[in-house]
Amino acid sequence: MNSQAEHLSEETSSQLDKSPEERKEFIRLARWIGYPRAAEILKHMGELLRYPPKPRMPGMLLAGETNNGKTTLVERFSRLHPAYDSTDGESIEHPVLIIRAPEEPDDGRFWNVLLNRLFAPYKLNDHVDKKRAQVIQIMRRIRVKMLVIDEIHNILVGTVSKQRQFLVTLKNLTNDLQIVIVLVGTQEAMNAISSDPQIVNRFPAVVLHRWQFDDNFRRLLASFERLLPLPEPSRLADEDTAKRIFHLSEGLIGETATLVTEAACRAVDQDLAKITVKTFDLVEWTRPSERRSVRAL
Ligand SMILES: Nc1ncnc2c1ncn2[C@@H]1O[C@H](COP(=O)(O)OP(=O)(O)OP(=O)(O)O)[C@@H](O)[C@H]1O
Ligand SMILES: [Mg+2]
């Protein structure tokens, strides 16, 4: 590694002599950056995964604002616990299964989503009981231990009684299969779920809050910086730059990632050696709260 690149990870450093287009492609790759809250939640999910099967299994609701890393976090968990061949070599074991909630709280659609995810053949007009039995049989066979249902706020489009019914279906599924169900969704989903005492204690909320302007946020910026192939250190974690990024991203990790990524691409376009506070002026940017108020016009 040359001395110029000590501020970069080894892989990033090897990108420095690539063409601008290649460097931009590298900058925009999806990456996992660890941070303390994510580590806590991954640890908690790991504990849930190891929970011995019993009639009343624990669950969890991962709640947080949009674009704040919920999906990335559960996908990370699933990559840490991938499918593997069972010891007898006859079948696959699939401990963590991730699906996206159906567009509305409808049992038939829910079974369809699961059957699609499990690559199982079925007919759309099969009876719901048949679909349910098929799902249960396959999930038992491949030994699913945790079912993660992302975008659970989708169910909020239905009437309150349909939402309740759907949550009861989930509760019954966790009981029948003795698996852990992790729901993932926005704070609105949390409100809906907490309105039903029977459900709320089965899915206690774990919240992924917005970031504060603190050392953790600055460490996150430093981690991003190590992945940006620019020849000189940008020192994104320095007070002024970090404050500017925090102001523009409003403490959301997805906004931070996009902003830093695009600033790095502008630096590559302009053949700049690093990102400075001024580079952010080159990024086409509206703060998330302003985007929302523009949409409301
Ligand atoms: N740990 C991480 N490391 C690096 N980038 C991350 C991380 N977490 C989130 N991001 C970035 O933030 C973006 C948004 O994250 P994600 O899609 O997980 O948010 P979300 O909370 O699921 O949003 P939504 O509620 O809209 O579905 C990702 O596309 C990724 O660029
Ligand atoms: Mg998501």
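Everything numeric here is computed off the predicted structure, so don't read it as measured data.

Thresholds applied
- Residues numbered from 1 in each chain as written.
- Chains lettered and ligands numbered in written order.
- Predicted model: local features only at pLDDT ≥ 70, side-chain atom pairs only at ≥ 80, totals over all residues.
- Heavy atoms only, no water.
- Pairing = 2+ DSSP bridges.
- Helix = DSSP H or I, 4+ residues; strand = E, 2+ residues; numbered from the N terminus.
- Axes fitted to C-alpha atoms, helices over the stretch in contact; angles between N-to-C directions.
- Contact = heavy atoms within 4.5 Å.
- Domains from an automatic or database assignment.
- Buried area = accessible area lost by both parts, 1.4 Å probe.
- Salt bridge = Lys/Arg side-chain N within 4 Å of Asp/Glu carboxyl O.
- Polar contact = N/O pair within 3.5 Å; in protein donor to acceptor, adjacent residues only side chain to side chain.
- Nonpolar A, V, L, I, M, F, W, Y, C, P; charged D, E, K, R; others polar.
- Core = buried A, V, L, I, M, F, W, Y, C linked by side-chain atoms within 4.5 Å.
- Buried < 20%, exposed > 50% of the residue type's maximum accessible area, 1.4 Å probe, protein only.
- Parallel < 35°, antiparallel > 145°, perpendicular 65-115°, else oblique.

Caption draft 1: Quick peek at the sheet that holds strand E1 (residues 60-64). One open sheet holds the five strands; their spatial order is E4-E5-E6-E1-E7, and the pairing between them is parallel. Across the chains shown, the open sheet's two edge strands, defined by having one partner strand only, are strand E4 (96-100) and strand E7 (205-208). Strand-to-strand twist across the sheet, computed as the mean angle between neighbouring axes with direction ignored, equals 20 degrees. Sheet topology note: the E4/strand E5 (residues 146-150) ladder contains five bridges and is parallel. When the sheet's bridge partners are listed, leucine 97 is paired in E5 with leucine 147. Contacts from helix H8 (residues 187-194) reach E1, strand E6 (180-185) and E7, with the element oriented near 140 degrees to E1.

Caption draft 2: Structural view of the domain arrangement of the protein. According to the domain assignment, the protein contains domain 1 (3-30 + 212-292) and domain 2 (36-208). For domain 1 versus domain 2, the distance between C-alpha centres works out to 35 Å. Roughly 460 Å² is buried in total at the junction of domain 1 and domain 2, and carbon and sulfur atoms are behind 48% of that figure. Linking domain 1 with domain 2 are zero salt bridges. Counting the contacts that link domain 1 with domain 2 gives three residue pairs in polar contact (both at pLDDT 80 or more). Element by element, the count of residues in the side of domain 1 that touches domain 2 is highest for helix H12 (residues 253-269), at three residues. In the side of domain 1 that touches domain 2, the residues fall into two nonpolar, three polar and one charged.

Caption draft 3: Quick peek at the nonpolar core. Met45, Leu62, Leu73, Met146 and Ile275 are the most contacted members of the largest nonpolar core, which has 48 residues in total. Of all the elements, H12 adds the most residues to this core, at eight residues. Per-domain counts for this core show at least three residues from each of domain 1 (3-30 + 212-292) and domain 2 (36-208). Counting 33 residues, the second-largest nonpolar core is a separate cluster that includes Ala101, Trp111, Leu147 and Ile199.

Caption draft 4: Summary view of the side chain of lysine 171. Within the secondary structure, lysine 171 is located in helix H7 (residues 160-177). The class for lysine 171 is buried, based on a relative accessible area of 14%. Aside from chain neighbours lying at most four places away, what touches lysine 171 is Gln198, Ile199 and Arg202.

Caption draft 5: Broad picture of the packing of helix H2 (residues 20-27) against H12. Between H2 and H12, the shortest axis-to-axis distance is 10 Å and the interhelical angle comes to 175 degrees. Here H2 is positioned roughly antiparallel relative to H12, judged by the angle of their axes. Facing Pro20, Arg23, Lys24 and Ile27 of H2, the residues of H12 in contact are Thr261, Ala264, Cys265, Val268 and Asp269. For the contact of H2 with H12, a count of residues per class yields five nonpolar, one polar and three charged.

Caption draft 6: A look at the pattern of salt bridges. By the definition in use, this model includes 18 salt bridges. Of the charged contacts in the structure, one is a salt bridge between arginine 218 and glutamate 239, with a shortest N-O distance of 3.5 Å. Taken together, the residues arginine 218 in helix H10 (residues 215-225) and glutamate 239 in helix H11 (residues 239-249) connect sequence positions 21 residues apart. Looking at arginine 218, the relative accessible area reads 23%, which means it is partly exposed. Of the charged contacts, one joins arginine 291 and glutamate 255 as a salt bridge, the two residues approaching to 2.8 Å between their closest N and O atoms. Taken together, the residues span a long stretch of sequence, with arginine 291 in helix H13 (residues 288-295) and glutamate 255 in helix H12 at a distance of 36 residues. The class for glutamate 255 is buried, based on a relative accessible area of 6%. In this structure, a network of salt bridges that share partners links the residues Glu21, Lys24, Arg28, Glu262, Arg266 and Asp269.

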